Structures are given as C-alpha cells and as structure tokens.
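One letter stands for each residue in the lines below.
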Amino acid sequence: MEIRAATVLPARREPIELETGDGLTLVGELALPLDRPPVATLVTLHPLPTHGGFMDSHVYKKAANRLPALADLAVLRFNTRGTSSERGTSEGAFDGGEGERFDVAAALEYAEYHDLPQVWVVGWSFGTELTLKWAHDPLVEGAILLSPPLHRATDHDLDAWARFGRPLVVLVPEFDDYLRPDEARARFARVPQAEVIGVDGAKHLWVGEPYVRIVLNEIVKRVNPAAWPLPTDA
C-alpha cells in the first residue's frame, strides 16, 4: 500500500492535557508505536494560531499518522494557549510568543514525567520562534525548525541557542514567504551547530506530498537514523 497524504498507520493515540505553570490546561495528543516503546520523541510546536496554525497543521498530523509505525517515534502535539482544533480548545489567549513560554515548558515537563525518551523539539513557523526562545531545557536533545521567519526570535535568541549547544537543523523552503535559504544561512551563522538545509521548490506551508516526505525524512534522519530513509509503502 502506497503511503498517501491521508494514510493513517497503526499507533496508540492518547488524548492528553498539559498543565502550565500559570494555571492553564492545554489539550493535545500523544501518538506512540503500537506494540513497542518509542526510541525517541518529537514535541511539536505549531504555526501561528492567528493565521490558522494548530496541532493538526498538516505536517504534524502526518507525522503523528506515520512516524510511530515507520520510525518508532512518539509524537506529541498540542494546541498552545487559546488555540482550537478537533481535539478541543486550550485555555487562555494567544500571547504573541511570550506567555507561550509556559506552554513549551508544560509539554517538556509532560515528556519528562512520562519518561518519553530522546526528546527533540520540532517547530514550524511561529513554532520555530517558541523553540528558539523557550526550548533551552536540559531534556532537549536538539531541535528541528521548519520555515523559520525569525520575526519574534532575534539574534539574542540565536546566540542563546548557540550557548545551549544542542543541534539545530533548519529546513528552509526555496520560496518561503519570510526567510529564504541564503538569508537563513547568513542569520543562522551565529549558531555554530546549526545546519541550514534549503529545500528546492518548497513553500512556507510545505504543501504537497513530496515536500512532506522531505520534512519527515529529514526529521527521522536526525532523530532515529536507523529508520531512515522512510519507506513509501506500508
């Protein structure tokens, strides 16, 4: 069976709630391999909720639908404060990336409390800003950024990640609306451990199955290289 955009592979999928340090309850889902423990964990931070971003943004939904089965990964998705999806609405209100520091911390605390292994943070668009600003946690093995705009995240945040020292993989679409590969290489040069990968033909939202496959393969290559490259049939 060819893996297509709508393919959902077997996994254990559990609704979860995250409790933030400032008293909010956030809704989410944890997808786990069906019959074995995960070898690594993706904590995903979604695009801008005021522009349609949420835990079901398509790359993350497809990661949860495929990667537990294909790469033995746990995939944790959640709605940041004030964000709604089919799973429900997280309490609170959008705070421009500042109050969301508590949301990031709550997701990482959940992963730690539940003994989820080898945690990598995956941020997409607005989620890359949250990653660079708030994911400096000893639990984090590294981070993967998809379409970073570098609007809210500043050179100060890049310098902080450089000091943090964890790997940083940056996937930049050739035709991104905000930051394209050459400029991204210049901006991320302040982070010695950053690897910037330009993706030919891609756009900010990674629309199209070929681009989703590129993203998921680049994630798996770093997080569980034994499962790379991902199969195209299941």
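Residues numbered from 1 in each chain as written. Predicted model: local features only at pLDDT ≥ 70, side-chain atom pairs only at ≥ 80, totals over all residues. Heavy atoms only, no water.

## Remarks on the pairing of strand β1 (residues 12-19)
Using the following cut-off: When DSSP locates at least two bridges between a pair of strands, those strands are taken to pair. To qualify as a helix, a DSSP run of H or I must reach at least 4 residues; to qualify as a strand, a run of E must reach at least 2; elements of each kind are numbered from the N terminus.
Where β1 lies against strand β2 (residues 25-32), eight bridges are found, and the strand directions are antiparallel. Bridge pairing in β2 places P15 opposite E29. What sits between the antiparallel neighbours β1 and β2 is a turn of five residues, in which G23 has the positive phi angle 90 degrees.

## Focus on the pattern of salt bridges
To be explicit about the condition: One side-chain nitrogen of Lys or Arg within 4 Å of one carboxyl oxygen of Asp or Glu is enough to make a salt bridge. Note on classification: 1.4 Å probe, protein chains only; a residue is buried when its accessible area is under 20% of the maximum for its type, exposed when over 50%, partly exposed between these limits.
Within the structure shown, the criterion is met by 19 salt bridges. For the salt bridge of E29 with R77, the shortest nitrogen-to-oxygen distance reads 2.8 Å. On the criterion of sequence distance, the pair formed by E29 in strand β2 and R77 in strand β4 (residues 73-78) is long-range, its members being 48 residues apart. Residue classification places R77 among the buried residues on the basis of a relative accessible area of 1%. Taking the shortest distance from any N to any O, the salt bridge between D103 and R81 comes out at 2.8 Å. Taken together, the residues D103 in helix α2 (residues 100-113) and R81 in the loop between β4 and β5 (84-85) connect sequence positions 22 residues apart.

## Concerning the packing of α2 against helix α3 (residues 126-134)
Two quantities define a packed helix pair, namely the angle between the helix axes and the distance between the axes. Cut-off, in case you're wondering: Think of each axis as a best-fit line through the C-alpha atoms, taken over the contacting stretch in the case of a helix, with angles from 0 to 180 degrees between the N-to-C directions. An angle below 35 degrees is read as roughly parallel, one above 145 as roughly antiparallel, one from 65 to 115 as roughly perpendicular, and any other as oblique. Contact criterion: two residues are considered in contact whenever any of their non-hydrogen atoms come within 4.5 Å of each other. All residues other than Ala, Val, Leu, Ile, Met, Phe, Trp, Tyr, Cys, Pro, Asp, Glu, Lys and Arg, Gly among them, are scored as polar; the first ten of these are nonpolar and the last four charged.
In contact at an axis separation of 10 Å, α2 and α3 are set at 80 degrees when each is read in the N-to-C sense. Compared by their axis directions, α2 and α3 come out roughly perpendicular. Judged by residue contacts, E100, R101 and V104 of α2 engage F126, L130 and W134 from α3. Residues belonging to the contact of α2 with α3 are distributed by class as follows: four nonpolar, no polar and two charged.

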